[in-house]
Each structure stands twice: as C-alpha cells, then as structure tokens.
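# Working through the structure, step by step
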Amino acid sequence: MSGYLRIRWTITPGTAPRPLINCNRCGTVKPYRCSGKFRVNANGKRIDAWLIYRCVDCDNSWNFGILERCSRRDIEPARLAALESNDPGLARRHAFDVIALRSQVRRVEEFPDVAVCKDVLGGIQENAGALELHLKAGVLTSLRLDRLLACELGISRSRLQALEDKQRLAVHPDGIKALRKSAREGAVIRINLAAEPDRKDIISAAGG
Ligand SMILES: [Zn+2]
C-alpha cells in the first residue's frame, strides 16, 4: 500500500448555538443570541453566574446558568476573575457548550458552519496514495463528520459511503459510526485513495 500523508485539521465553529425562547416581550418563540457578557452575583459566600443572551428582535434578556449557589471556595480565583471581566474565551466556551444549553432550554438552534485550518504533519507528500486526517476541535461542533469530510475534500457523501463500503475509509477511535456523529477532538480518519483517479485533487483539497 502507498504511504499516508498526515494532515491536521483544526476546526473552529463559526456561529454559536442559539436557544429558542418564548420571548415574553415579542409574544412568540424567538432565537436568543449570546451577548458575550456574564452576570455574576456574589452573595456572601455563594456565587451565581449566568451568561446573558438577548432576543434577536427585541433585546429582551435570558440568563444561561453557569454557576448556581456555588461556594466561593470551590471556584478558582482565575475563573471568577474571567467571569467578572467577561473574558471572551470563557464566554465562547460556554456559548458553544450545547449540551449544557440543552439542559436548560428545550429547543436550541445549531449551526454547522466551521472554519478549518489545514497543516501537513508529515508522511509522504509526493504521490501519496492515502490520507490520514487528525482532527483538532477545541469546542464542540454540531457538524457531522461525514459532512465535514465531504465539504472539505470536495467529494460527495455517497462517494464517502462507497469508500467506506470498500473498507478504504476508517475512523479512530470510534469506528465508522463516528461518520454520522459530530466531528470530535482527537478523531483520526484514514482514507485510501490509491484507486481514485482524482486523488491529487482530493489530497490537495485536504491541505496536502
Ligand atoms: Zn423578543
């Protein structure tokens, strides 16, 4: 078998998920967007913190609970300082925590847009017949792995399926079922393209 070209894909999600809230000012269900601001209530030894969301139409606010009646001793001072100073990195991490968001709101709108930065890690560059893609994703994305691959490699999902059927596509560590789930940190995708006439185009789209 011909050699693998190893490429790292660093995935940065574009649009944060938006909770769908029954807006009492608009009188109907509206998406709320993250304001990037926290509200911190330090009541004696207990601390509450929320990330503030605002209705896209009327600016009405909704609070996404981050800390609830948390003992001051249990919070790292750096984390408290980040909350109190509306640290953008911390706000972004919470804004993209769709699992926590879904635990507080029944309906959440998710967006599959991502930016992918591609870096060659090593392996055979000239006449490579196979790709090994290493995914790096700091925050969760709702984008399905097969959609990500199809989009970034410039091939159809049915062709991905055909490669899978011929056992020319493998996903580690979760196996092929991971294709139909969200793209995850640490996933490694190996694709044997030796039999594909347009493999140069695919490898070039992959970042090689
Ligand atoms: Zn509203």
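Please refer to the structure higher up on the page.
Residues numbered from 1 in each chain as written. Predicted model: local features only at pLDDT ≥ 70, side-chain atom pairs only at ≥ 80, totals over all residues. Heavy atoms only, no water.

### Details of the packing of aromatic side chains
Stated precisely, the cut-off is as follows: Note on aromatic contacts: the rings of Phe and Tyr and the six-membered ring of Trp form a pair at centre separations within 6.5 Å, being stacked when their planes are under 30 degrees apart, edge-to-face when over 60 apart, and tilted otherwise. The buried label applies to any residue whose accessible area, calculated with a 1.4 Å probe on protein chains only, is under 20% of its type's maximum; exposed applies above 50%, and partly exposed to all values in between. Segments assigned H or I by DSSP are reported as helices when at least four residues long, segments assigned E as strands when at least two residues long, and all are numbered from the N terminus. For a lysine, the NZ atom is tested; for an arginine, the CZ atom; a charge sits over a ring if that atom is within 6 Å of the ring centre and within 35 degrees of the ring normal.
One pass over the full model with this rule turns up three aromatic pairs. Taking 5.6 Å as the distance between ring centres and 65° as the angle between the ring planes, the aromatic pair formed by Tyr53 and Trp62 counts as edge-to-face. Each of the two residues, Tyr53 as well as Trp62, counts as buried. Ring centres of Tyr53 and Phe64 lie 6.0 Å apart, and the angle between their planes is 70°; this geometry places the pair in the edge-to-face category. In this pair, Tyr53 is assigned in strand 4 (residues 46–55) and Phe64 in strand 5 (residues 61–71), connecting sequence segments 11 residues apart. Residues Tyr53 and Phe64 agree in their burial class; the two are buried. Ring pairing ties together the aromatic residues Tyr53, Trp62 and Phe64, which thus form one cluster. The ring centre of Trp9 lies 5.4 Å from the NZ or CZ of Lys118, which sits over that ring.

### Some remarks on the pattern of salt bridges
Here is the rule we go by: Salt bridge, as used here: a side-chain nitrogen of Lys or Arg that lies within 4 Å of a carboxyl oxygen of Asp or Glu.
Applying the stated rule across the entire model yields 13 salt bridges. Across the salt bridge formed by Arg190 and Glu132, the nearest N and O atoms sit 2.6 Å from each other. You can see Arg190 sitting in strand 10 (residues 188–192) and its partner Glu132 sitting in strand 8 (residues 130–137), a full 58 residues away along the chain. Since its relative accessible area comes to 27%, Arg190 is described here as partly exposed. Arg180 is the salt-bridge partner of Glu164, the closest N and O atoms lying 3.4 Å from each other. Residue Glu164 is located in helix 5 (residues 157–165), and its partner Arg180 is located in the loop between strand 9 (169–172) and strand 10; the two are separated by 16 residues in the primary sequence. By relative accessible area, which is 14% here, Glu164 ends up buried.

### Side note on the sheet that holds strand 8
Selection criterion: Note on pairing: DSSP must find at least two bridges between two strands before they are called paired. Angles here are taken between N-to-C directions and fall from 0 to 180 degrees, while the axes themselves are lines fitted to C-alpha atoms, restricted in helices to the stretch in contact. Whether two residues are in contact is decided by their heavy atoms: any pair within 4.5 Å suffices.
Taken in spatial order, the five strands line up as 7-1-8-10-9 in an open sheet, and their pairing is mixed. Looking at strand neighbours, the two that pair on one side only are strand 7 (114–123) and strand 9, the edges of this open sheet. If you compare each strand with its neighbour and ignore which way they point, the axes differ by 20° on average. Sheet topology places strand 9 next to strand 10; four bridges connect them, and they run antiparallel. Across the sheet, residue Ala170 finds its bridge partner in strand 10, namely Arg190. Contacts from helix 6 (residues 199–206) reach strand 1 (4–13), strand 7 and strand 8, with the element oriented near 20° to strand 8.

### Examining the coordination of the zinc ion
Stated formally: Nitrogen, oxygen and sulfur within 2.8 Å of a metal are treated as its donors, or within 3.2 Å for sodium, potassium and calcium (Na, K, Ca); water is not counted, so a site can appear incomplete.
Surrounding the zinc ion are the protein donor atoms Cys23 (SG), Cys26 (SG), Cys55 (SG) and Cys58 (SG), at 2.3 Å. Between the donor residues of the zinc ion, the gaps in sequence give the motif C-x2-C-x28-C-x2-C. With Cys26 in the loop between strand 2 (18–23) and strand 3 (28–43) and Cys58 in the loop between strand 4 and strand 5, the pair connects residues that are 32 residues apart, well separated along the chain. Here Cys26 falls in the partly exposed class, since its relative accessible area comes to 28%. For Cys58, a relative accessible area of 18% translates into the label buried.

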